[in-house]
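Architecture and fold: a report
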Amino acid sequence: MAFLDLRKRKHAHAAKRLRDELIVWLTTVSRHGQPQSSPVWFWWDGDVFHLFSQPRRAKLRNIGADPRVSLHLEGGREGDDIVVFEGRARIVRDGEPATSLSGYMKKYRGLIGGYGWTPKGFAADYAVPIVVRPTRVRIS
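Below, the structure is looked at part by part. (Residues numbered from 1 in each chain as written. Predicted model: local features only at pLDDT ≥ 70, side-chain atom pairs only at ≥ 80, totals over all residues. Heavy atoms only, no water.)

Some remarks on the nonpolar core
- Core analysis: the biggest nonpolar cluster contains 35 residues, and Phe 42, Phe 85 and Tyr 104 have the highest contact counts within it.
- Ignoring sequence-local partners within four residues, the contact set of Tyr 104 consists of Trp 41, Phe 42, Trp 43, His 50, Phe 52, Ala 98 and Phe 122. (Core = buried A, V, L, I, M, F, W, Y, C linked by side-chain atoms within 4.5 Å. Buried < 20%, exposed > 50% of the residue type's maximum accessible area, 1.4 Å probe, protein only. Contact = heavy atoms within 4.5 Å.)

Some thoughts on the layout of surface pockets
- Considering only enclosed or pocket space, the largest pocket measures out at about 210 Å³ in volume.
- Around the largest pocket, the lining is made up of 14 residues, and of these Pro 39, Val 40, Trp 41, Phe 52 and Tyr 126 lie nearest the centre.
- Contributions of two or more residues to the lining of the largest pocket are made by β2 (35-40) and β4 (49-53).
- For the lining of the largest pocket, the per-class residue count stands at ten nonpolar, two polar and two charged. (1 Å grid on protein atoms, 1.4 Å probe; cavity = no way out; pocket = protein on both sides within 12 Å on 5 of 7 lines; lining within 4 Å. Points joined across faces, edges and corners; volume = space filled by probe spheres on them. Helix = DSSP H or I, 4+ residues; strand = E, 2+ residues; numbered from the N terminus. Nonpolar A, V, L, I, M, F, W, Y, C, P; charged D, E, K, R; others polar.)

Here's the deal with the pattern of salt bridges
- Summed over the entire model, instances satisfying the criterion amount to seven salt bridges.
- Across the pair Arg 17 and Asp 81 runs a salt bridge whose closest N-O atoms are separated by 3.2 Å. One end of the pair, Arg 17, is in helix α1 (residues 9-20); the other, Asp 81, is in the loop between β5 (68-72) and β6 (83-91), and 64 residues separate them in sequence. We note that Arg 17, like Asp 81, is buried.
- The salt bridge partner of Arg 136 is Glu 86, with a shortest N-O separation of 3.1 Å. Of the two residues, Arg 136 is situated in strand β7 (residues 128-139) and Glu 86 in strand β6; the sequence distance between them amounts to 50 residues.
- Arg 136 gets classed as partly exposed once you look at its relative accessible area, which sits at 44%.
- Salt bridges here are not isolated pairs; linked through shared partners, they connect Arg 17, Glu 21 and Asp 81. (Salt bridge = Lys/Arg side-chain N within 4 Å of Asp/Glu carboxyl O.)

Notes on the pairing of β6
- Where β5 lies against β6, five bridges are found, and the strand directions are antiparallel. The partner of His 72 across the bridge, within β6, is Val 84.
- Across nine bridges, β6 lies against β7 in antiparallel orientation. Note that in β7 the partner of Val 84 across the bridge is Arg 138. (Pairing = 2+ DSSP bridges.)

From the geometry alone we can't say anything about function, so treat these as descriptive.
Next comes the structure, spelled out in structure tokens:
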């Protein structure tokens, strides 16, 4: 199911933001019901979000207990540029490393080097792939 209709101006704008912006906020919920939002690097392939996590992070425990998540971009200075996806996250055990996603690596290669990683080193540190399949989108 396509969530963005690029014929619509706001959807085309959201698609551009998903290509250009470096951070999306991932919100998971702990087993105690506490929402936890984390800024994460992402790659939107037009169908699903690809994220990578360090092992043993709270977001992984939360997704394991409840795969329902939300992802949102910053809302603009006046809150007039809203892009929020709700969806289901899946931890991909033994999944492909970040280096296997050319779009992800192209987007973050400069930051990876700027933080002192090699692509291989980054992929080793952020070794847990997460895929989020949207179920709903809100754009305004």
